[in-house]
Amino acid sequence: AYSPRPNTPMALWENQLSDEVKEDRLHRINRVVKKHALERSQRFVGRVEQVLVEMRNLKRPEQVAGRTESNRLVFFEGDIEELRGMMVPVRITEAREFSLTGELVS
């Protein structure tokens, strides 16, 4: 949330917003951001995207993680030793707010 910046005139103002108001505003803006992010991610479902494979998915070791040409994070099943550093076609099958899931197109 917001906190006053030291050595600025506003940091000295007495009528600061309460922590409850700041927290409420942060939650409201985060809900809007997540809603719009999911809507944008859903546009990728069904498309085939070129993905640069970067690393193993730390939460699901059978998956690798990479990025599309538009910098979207994509997870899909694959062997990191074989795919690291390669651009591969991936069909997007699932969208989340800040990442996509897909399957390698052979």
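Shown above is the structure to which this text applies.
Attention in this report is confined to the structure presented alongside it.

**Points about the nonpolar core**
Counting residues in hydrophobic clusters, the biggest one holds 13 residues, and the most contacted among them are Val53, Val74, Phe76 and Val90. Contacts of valine 74, omitting those with residues within four sequence positions, involve Val51, Val64, Ala65, Gly66, Thr68, Val90, Ile92, Leu100 and Gly102.

**Describing the environment of glutamate 69**
Within the secondary structure, glutamate 69 is located in the loop between strand E2 (63-68) and strand E3 (73-77). For glutamate 69, a relative accessible area of 67% gives the class exposed. Dropping the residues within four chain positions of it, glutamate 69 is found in contact with Gln50 and Met87.

**What about the side chain of glutamine 63?**
Note that glutamine 63 resides in strand E2. Accessibility expressed as a relative area gives 6% for glutamine 63, which makes it buried. A polar contact is formed between the side chain of glutamine 63 and the side chain of asparagine 57, at a distance of 2.7 Å.

**With respect to a nonpolar patch on the surface**
A contiguous nonpolar patch, built from Leu26, Ile29, Val33 and Phe98 and spanning about 360 Å² of accessible area, is present on the exposed surface. Looking at where isoleucine 29 falls in the secondary structure, it is placed in helix H1 (residues 19-42). Since its relative accessible area comes to 48%, isoleucine 29 is described here as partly exposed.

**A short note on the pairing of E3**
Judged from the five bridges that link them, E2 and E3 form a sheet pairing that is antiparallel. Counted as the bridge partner of arginine 67 is leucine 73 from E3. With antiparallel pairing between neighbouring strands as the criterion, E2 and E3 make up a hairpin whose turn holds four residues, including asparagine 71 at a positive phi of roughly 70°. As defined by bridge partners, E3 adjoins strand E5 (residues 100-104) across three bridges and the pair is classed as parallel. Paired with valine 74 across the bridge in E5 is leucine 100.

**Some words on the pairing of strand E4 (residues 87-95)**
Inspection of the sheet shows strand E1 (residues 48-56) paired to E4 by five bridges, in the antiparallel sense. Residue pairing for E4: leucine 52 is matched across the bridge by methionine 87. Looking at chain direction, E4 and E5 are connected through five bridges and run antiparallel. The residue of E5 that forms the bridge with isoleucine 92 is glycine 102. Remark: four residues form the turn of the hairpin made by E4 and E5, two consecutive strands paired antiparallel.

Cut-offs used in this document
Residues numbered from 1 in each chain as written. Predicted model: local features only at pLDDT ≥ 70, side-chain atom pairs only at ≥ 80, totals over all residues. Heavy atoms only, no water. Core = buried A, V, L, I, M, F, W, Y, C linked by side-chain atoms within 4.5 Å. Buried < 20%, exposed > 50% of the residue type's maximum accessible area, 1.4 Å probe, protein only. Contact = heavy atoms within 4.5 Å. Helix = DSSP H or I, 4+ residues; strand = E, 2+ residues; numbered from the N terminus. Polar contact = N/O pair within 3.5 Å; in protein donor to acceptor, adjacent residues only side chain to side chain. Patch = residues over 30% accessible without salt bridge, like charges linked within 9 Å, V, L, I, M, F, W, Y side chains within 5 Å. Areas by Shrake-Rupley, 256 points an atom, 1.4 Å probe, with all protein chains shown as cover. Salt bridge = Lys/Arg side-chain N within 4 Å of Asp/Glu carboxyl O. Pairing = 2+ DSSP bridges.

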